[in-house]
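If you want the building blocks of each chain, they are given just below.
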Amino acid sequence: YRYNYLEKTITLLKMHGGVFLIRMPVDDNLYKLENTLFPEFNNQMHALTKKHNLKYLNYANLNNKFRYTDGNHICYTDAINFSNILANDIKNFLK
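It should be emphasised that the depicted structure is a prediction, and the values quoted were computed from it without experimental measurement.

Counted by the stated rule, this structure contains four aromatic pairs. Here Phe 20 and Phe 93 contribute two aromatic rings whose centre-to-centre distance is 6.2 Å and whose plane-to-plane angle is 50°, an arrangement assigned as tilted. Residue Phe 20 is located in strand E1 (residues 20-23), and its partner Phe 93 is located in helix H4 (residues 76-94); the two are separated by 73 residues in the primary sequence. Overall, the relative accessible area of 19% leaves Phe 20 in the buried class. Centre to centre, the rings of Tyr 59 and Phe 82 are 5.1 Å apart; their planes meet at 90°, and the pair counts as edge-to-face. Taken together, the positions of Tyr 59 in the loop between strand E2 (55-58) and H4 and Phe 82 in helix H4 put the pair 23 residues apart, joining distant regions of the chain.

The structure is reproduced here in structure tokens:
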């Protein structure tokens with residue numbers, strides 16, 4: 001159900017501009033849990049990006065570069081740093 005809704009959301013958003021799929025960094029323990037529960041996540045995201053001609057920005061490999069309030073949410077000061085990384089990457093793709 002969520003996958004289908006994500007596809008509908010992508011279709012709607014593409015009517016208004018560029019769309020990127022982004023996998024945010026999370027705490028290493030949460031990342032391991034995600035991969036255990038849903039090992040095909042990245043493959044499904046790659047399939048979606050191919051189907052809808054999108055870019056997939058996967059920042060999971062940066063998980064140890066940030067601090068988290070609860071394992072999922074990046075601490076405020078680190079969030080600013082991540083936002084700058086994300087903005088620069090999107091800017092580079094839009095050139």
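On to the pattern of salt bridges, then. Per the counting criterion, the structure on display carries four salt bridges. Across the pair Asp 28 and Lys 32 runs a salt bridge whose closest N-O atoms are separated by 3.2 Å. Pair noted here: Asp 28 and Lys 32 are both in helix H2 (residues 28-37), with a separation of four residues, about one helical turn. A residue is classified by how much of its surface remains accessible, and Asp 28, at 25% relative accessible area, is partly exposed. In this structure, Asp 78 engages Arg 67 in a salt bridge whose closest nitrogen and oxygen atoms are separated by 3.1 Å. In this pair, Asp 78 sits in helix H4 while Arg 67 sits in the loop between E2 and H4, placing the two residues 11 residues apart along the sequence. A relative accessible area of 9% places Asp 78 in the buried class.

What follows is about helix H3 (residues 41-52). Between its first and last C-alpha, H3 extends 17 Å over 12 residues, near the 16 Å set by a 1.5 Å rise per residue. When H3 is considered as a whole, its buried residues turn out to be Met 45, Leu 48, Thr 49 and His 52. Taken down its axis, H3 places every buried residue within 95° of arc, on the same side. For H3, the exposed residues set more than 90 degrees away from the buried face come down to Lys 50 and Lys 51. One or two positions beyond H3, positive phi appears at Asn 53, with a value near 55°.

Formed by Phe 20, Leu 57, Tyr 59, Leu 62, Phe 66, Tyr 68, Ile 74, Phe 82 and Leu 86, the largest nonpolar core amounts to nine residues. The next biggest cluster of nonpolar side chains, apart from the first, holds seven residues, and it includes Ile 10, Leu 21, Met 45 and Tyr 56.

Further remarks concern the layout of surface pockets. Its volume calculated, the largest pocket comes out at about 170 Å³. Around the largest pocket sit Leu 6, Leu 21, Ile 22, Arg 23, Phe 41, Met 45 and Tyr 56, which together line it. When residues of the lining of the largest pocket are traced back to their parent elements, those giving at least two are E1 and H3. For the lining of the largest pocket, the leading source of residues is E1, giving three residues. Tallied by class, the residues present in the lining of the largest pocket amount to six nonpolar, no polar and one charged.

Rules behind the numbers
Residues numbered from 1 in each chain as written. Predicted model: local features only at pLDDT ≥ 70, side-chain atom pairs only at ≥ 80, totals over all residues. Heavy atoms only, no water. Phe/Tyr/Trp six-rings, centres within 6.5 Å; stacked < 30°, edge-to-face > 60°. Helix = DSSP H or I, 4+ residues; strand = E, 2+ residues; numbered from the N terminus. Buried < 20%, exposed > 50% of the residue type's maximum accessible area, 1.4 Å probe, protein only. Salt bridge = Lys/Arg side-chain N within 4 Å of Asp/Glu carboxyl O. Expected span 1.5 Å × (residues − 1). Arc of directions from axis to C-beta. Core = buried A, V, L, I, M, F, W, Y, C linked by side-chain atoms within 4.5 Å. 1 Å grid on protein atoms, 1.4 Å probe; cavity = no way out; pocket = protein on both sides within 12 Å on 5 of 7 lines; lining within 4 Å. Points joined across faces, edges and corners; volume = space filled by probe spheres on them. Nonpolar A, V, L, I, M, F, W, Y, C, P; charged D, E, K, R; others polar.

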